[in-house]
Amino acid sequence: YYAMYNHSTTYGWLNDGKGTPVFYTQLPATQNYMSGSYGLTTNTMLGTSADGTNFSFKNVFGYLRLSLTGSKVVDSIEISGNNSEVVAGLYKYLSDFSSLGWAGDQSTSITIECDGGVQLTNKPTYFYVVMPVCTFEQGISIAVNFTDETIYPKSTSKSVTIKRNTILPMANI
């Protein structure tokens, strides 16, 4: 038995012709900021059960944690791979969590929306991004957009690997 946890409207499963369930879920290109966590509608979990009653749920995606300090108010943050990797869209995977890739609605960036803005201080503020399991061989770039309409770009050319069910903390910016 299988069950999915996701607030997204695009999900389900089909049979691949070999008896293996193939699951589809939407990894949104726009995610909402939530203090201390990722946005409520972004994470997907797959539950498995031998009896149809007791399910064990596992996260499908991984997480990137950005840490920001300063005195400005963050309006949004855009994250992208330096090699135009697909990071959002309709994602398909097998019940063993091995990825089958993207099925549609693809985007090469994810934006964290901060409705009303998020005030930065000298203490780190964490922004969690739900990301696909992948390696960004040429690194990633972010653009922090502030409410005063200024932008702070930052990038790394170092390889960045996002693992399933793991939070990858980035250095404080």
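The rules behind the values
- Residues numbered from 1 in each chain as written.
- Predicted model: local features only at pLDDT ≥ 70, side-chain atom pairs only at ≥ 80, totals over all residues.
- Heavy atoms only, no water.
- Helix = DSSP H or I, 4+ residues; strand = E, 2+ residues; numbered from the N terminus.
- Rg over C-alpha atoms; globule rule 2.2 N^0.38 Å.
- Buried < 20%, exposed > 50% of the residue type's maximum accessible area, 1.4 Å probe, protein only.
- Contact = heavy atoms within 4.5 Å.
- Areas by Shrake-Rupley, 256 points an atom, 1.4 Å probe, with all protein chains shown as cover.
- Lys, Arg positive; Asp, Glu negative; His and termini not counted.
- Charge placed at Lys NZ, Arg CZ, Asp CG, Glu CD.
- Pairing = 2+ DSSP bridges.
- Axes fitted to C-alpha atoms, helices over the stretch in contact; angles between N-to-C directions.
- Phe/Tyr/Trp six-rings, centres within 6.5 Å; stacked < 30°, edge-to-face > 60°.
- Lys NZ or Arg CZ within 6 Å of the ring centre and 35° of its normal.

## A word on the overall build of the protein chain
A tally of helices and strands in the protein chain yields zero helices and 17 strands. For the protein chain, whose C-alpha radius of gyration is 17 Å, the value lies close to the compact-globule estimate of 16 Å for 173 residues. Structurally, the protein chain occupies a C-alpha span of about 55 × 35 × 25 Å along its principal axes. When burial is assessed residue by residue, the protein chain has 41% of its 173 residues classed as buried. Intrachain contacts of the protein chain at a sequence separation of at least 6 include 67% that bridge at least 24 residues. A total of about 9000 Å² of accessible surface is found on the protein chain, and carbon and sulfur atoms cover 48% of it. The distance from the centre of the 10 positive side-chain charges to the centre of the 12 negative ones in the protein chain is 11 Å.

## Some thoughts on the sheet that holds strand β5 (residues 45-48)
If you walk across this open sheet you meet the three strands as β1-β5-β6, and the pairing is antiparallel. Of all strands in the sheet, those bounded by a partner on one side alone are β1 (2-5) and β6 (56-59). Neighbour to neighbour, the strand axes of the sheet diverge by 25° on average, direction disregarded. Summarising the sheet, β1 and β5 pair through four bridges and their orientation is antiparallel. Note that in β5 the partner of M4 across the bridge is L46.

## Quick notes on the sheet that holds strand β15 (residues 151-156)
Strand pairing in a sheet takes place through backbone hydrogen bonds and is either antiparallel or parallel in direction. Pairing in this open sheet of five strands is mixed, and the strands run β4-β11-β8-β14-β15 from one edge to the other. The open sheet terminates on both sides in strands that have one partner only, identified here as β4 (30-32) and β15. Neighbour-to-neighbour, the strand axes of this sheet turn through a mean angle of 20°, independent of strand direction. Judged from the seven bridges that link them, strand β8 (residues 73-81) and strand β14 (residues 140-146) form a sheet pairing that is antiparallel. Within the sheet, the bridge partner assigned to V74 lies in β14 and is F146.

## Some remarks on the packing of aromatic side chains
As enumerated under the stated definition, the model contains eight aromatic pairs in all. On the numbers, 4.9 Å between centres and 45° between planes, the contact of Y33 with F127 is tilted. One end of the pair, Y33, is in the loop between β4 and β5; the other, F127, is in strand β12 (residues 125-131), and 94 residues separate them in sequence. Overall, F127 belongs to the buried group, its relative accessible area being 0%. Between F61 and Y91 the ring centres are 5.1 Å apart and the planes differ by 55°, which places this aromatic pair in the tilted class. Linking F61 in the loop between β6 and β7 (62-68) with Y91 in strand β9 (residues 88-94), this pair joins segments that are 30 residues apart in sequence. Take F61 and Y91: they sit in the same class, and that class is buried. Put simply, the rings of Y2, F23, F61, Y91, Y93 and W102 touch in pairs and so form one group of aromatic residues. Here R65 stacks its cationic end above the ring of Y126, 4.0 Å away from the centre of that ring.

Function cannot be read off these values alone, since they describe shape.
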